[in-house]
Amino acid sequence: MSSKVFKTAAEALQGLTFDSMTVMSGGFGLCGIPENLIAALRDSGAQNITAISNNAGVDGFGLGLLLETRQIKKMISSYVGENKEFERQFLAGELDLEFNPQGTLAERIRAGGAGIPGFYTKTGVGTVIAEGKPTMEFDGEEYIMETGLKADVSLVKAWRGDTQGNLQFKKTARNFNPMMATAGKVTVVEVDELVEVGSFDPNYIHTPGIYVQRIIEAKCEKRIENMTTRDPGLGRGERGSA
Amino acid sequence: MAWTRDDMAKRAAQELKDGFYVNLGIGIPTLVANHIPDGVDVTLQSENGMLGMGPFPYPDEVDPDLINAGKQTITELRRSSYFNSAESFAMIRGGHIDISILGAMEISQGGDIANWMIPGKMVKGMGGAMDLVAGVKRCVAVMDHTNRAGKSKFLPECTLPLTGRNCIDMVITDLGVFSRGEGETRFRVTELAPGVEIDEVKAKTEADLVWG
């Protein structure tokens, strides 16, 4: 019987990586990024990658790893402000960049995975985002056409997964991961915890295993970008708890 | 005395009504959460996939899987819910969020906003700002009235690449409040910061406004 379960990130990417491939990588900032699969993609040596990801990691972590090694040719992102090397490569003309509004990016990925080649949105009307895009009027308002996005490989981070690839995400680490799981020709997932099929209540599965071809359990560093805490001297629950 | 950043946030918080679903941008708008008026219960949306954003955690509560759009660690409330980014922006674009309070680099007299890019200088990206101004029911911009060189940031037309066109309903600066009602094309001066004279505001404003 074929199995979706692989032992390591390197094994899970075996035979999937190639030059000029398009990769989707989940996460918002460093939250919910497939750390181990990104490192394995770097080690695969694939060049001229088009990376679709909301952000570009930070210097030396997340997708920042693949920028350092110049393996990324083009990024499709909504916000890349946390990465100095990215800014340097872009301003020097060494890197292509396509900015998408965050909601447009999320919807393009959702549409790509759902078999919808294009859709209309009012986001970006009257801005540089609209340049060269077909427009249509609905109820007297102007909308621009955006296209669906797909990838050769989607790299996804989930909290728990079972051996059939059914997934649950944790808190705000969910973000772009569920849509990206649907939009990859092959979707590879790393989870904090891999469990036997049947462990989940089917009512509480976020992503059904049909979208997942390969899965590994791997330990993540889960680096925090902007640690913000409140004074432990303040009484607990003194601010709104509802 | 012109308003401080905190004063501007406090004034912006007066725009929150009981029961509102609210999206706060990064910078001064984040401070608005500290000034929500007594008796007003609002639910904060975080565009990375959460409704019901709670306060910052105590050091022993920090969870790397729970952050806000500014990538700060936060906490959840009993009302909280999590969802994916497509759903988050369905909420935003679909007009389900009552108010967005966001920072600005420039505002035009026609309600255009520029807040995401300085060509050749700053390459960060728009994040969710274009979706917010396109979809949220009411958009309030908070910014300093002038730049460091003393030039007006409230202009006849924006000079920087736009985030959205004709989408801002109220502008709060260190000098006062400028608003326009539904269907009104021009902004009216509705409040001045304490001690600020109308002549000072006129001298520092290039946009064509309704003065008083």
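Residues numbered from 1 in each chain as written. Chains lettered and ligands numbered in written order. Predicted model: local features only at pLDDT ≥ 70, side-chain atom pairs only at ≥ 80, totals over all residues. Heavy atoms only, no water.

Draft legend 1. Inspection of a nonpolar patch on the surface at higher detail. A surface patch of nonpolar side chains, amounting to about 250 Å² of accessible area, comprises A:Y120, A:M136 and A:F138. When you line up the elements, A:Y120 lands in strand β5 (residues 118-121). (Patch = residues over 30% accessible without salt bridge, like charges linked within 9 Å, V, L, I, M, F, W, Y side chains within 5 Å. Areas by Shrake-Rupley, 256 points an atom, 1.4 Å probe, with all protein chains shown as cover. Salt bridge = Lys/Arg side-chain N within 4 Å of Asp/Glu carboxyl O. Helix = DSSP H or I, 4+ residues; strand = E, 2+ residues; numbered from the N terminus.)

Draft legend 2. Highlighting the sheet that holds strand β9 (residues 154-155) of chain B. Residue and element names in this part refer to chain B. The three strands are arranged β7-β6-β9 in an open sheet whose pairing can be described as mixed. Since the sheet does not close on itself, it has two edges, and those belong to β7 (113-114) and β9, each with one partner. Judged from the two bridges that link them, strand β6 (residues 106-108) and β9 form a sheet pairing that is parallel. Counted as the bridge partner of S108 is L155 from β9. (Pairing = 2+ DSSP bridges.)

Draft legend 3. Representation of the interface of chain B and chain A in the model. Each partner contributes residues to the interface: chain B has 53 residues there, and chain A has 58 residues. With both chains or domains summed, chain B and chain A bury close to 4,700 Å², and 59% of this area falls on carbon and sulfur atoms. The largest share of the area that chain B buries against chain A comes from B:Y58, B:D65 and B:K71, three residues that together contribute 18% of it. Counting across the chain B and chain A interface gives four salt bridges. Ionic pairing is found between B:D65 and A:K170, a salt bridge with its closest N-O pair at 3.4 Å. (Contact = heavy atoms within 4.5 Å. Buried area = accessible area lost by both parts, 1.4 Å probe.)

Draft legend 4. Expanded view of the environment of B:D131. Take B:D131: it is sitting in helix α4 (residues 129-135). Contact partners of B:D131, with chain neighbours within four places excluded, come to A:P101, A:Q102, A:G103, A:T104, A:T123, B:F89, B:I92 and B:R93.

Draft legend 5. Region of interest: the side chain of B:N48. Mapped onto the secondary structure, B:N48 falls in the loop between β2 (43-46) and β3 (50-53). Polar side-chain contacts of B:N48 include one of 3.4 Å to the backbone nitrogen of B:A69. Excluding residues within four positions of it along the chain, B:N48 makes contact with A:F28, A:T172, A:N175, B:I67, B:N68, B:A69, B:F83 and B:S88. (Polar contact = N/O pair within 3.5 Å; in protein donor to acceptor, adjacent residues only side chain to side chain.)

Draft legend 6. Inspection of the nonpolar core at higher detail. B:I101, B:I107, B:I113, B:F154, B:I168 and B:I172 are the most contacted members of the largest nonpolar core, which totals 51 residues. With residues up to four places along the chain from it excluded, the contact list for B:I101 reads B:A12, B:L16, B:N23, B:L24, B:G25, B:P29, B:V32, B:V140 and B:V142. (Core = buried A, V, L, I, M, F, W, Y, C linked by side-chain atoms within 4.5 Å. Buried < 20%, exposed > 50% of the residue type's maximum accessible area, 1.4 Å probe, protein only.)

Draft legend 7. Just helix α3 (residues 85-93) of chain B, in detail. Residue and element names in this part refer to chain B. Among the nine residues of α3, seven are classified as buried, and the element is accordingly described as predominantly covered. Among the residues of α3, S85, A86, S88, F89, M91, I92 and R93 are the ones counted as buried. Its side-chain oxygen at 2.9 Å from the backbone nitrogen of A86, N84 defines the N-terminal cap of α3. The positive-phi residue at the C-terminal boundary of α3 is G95, with phi of around 80°.

Geometric descriptors of this kind do not, in isolation, establish any biological role.
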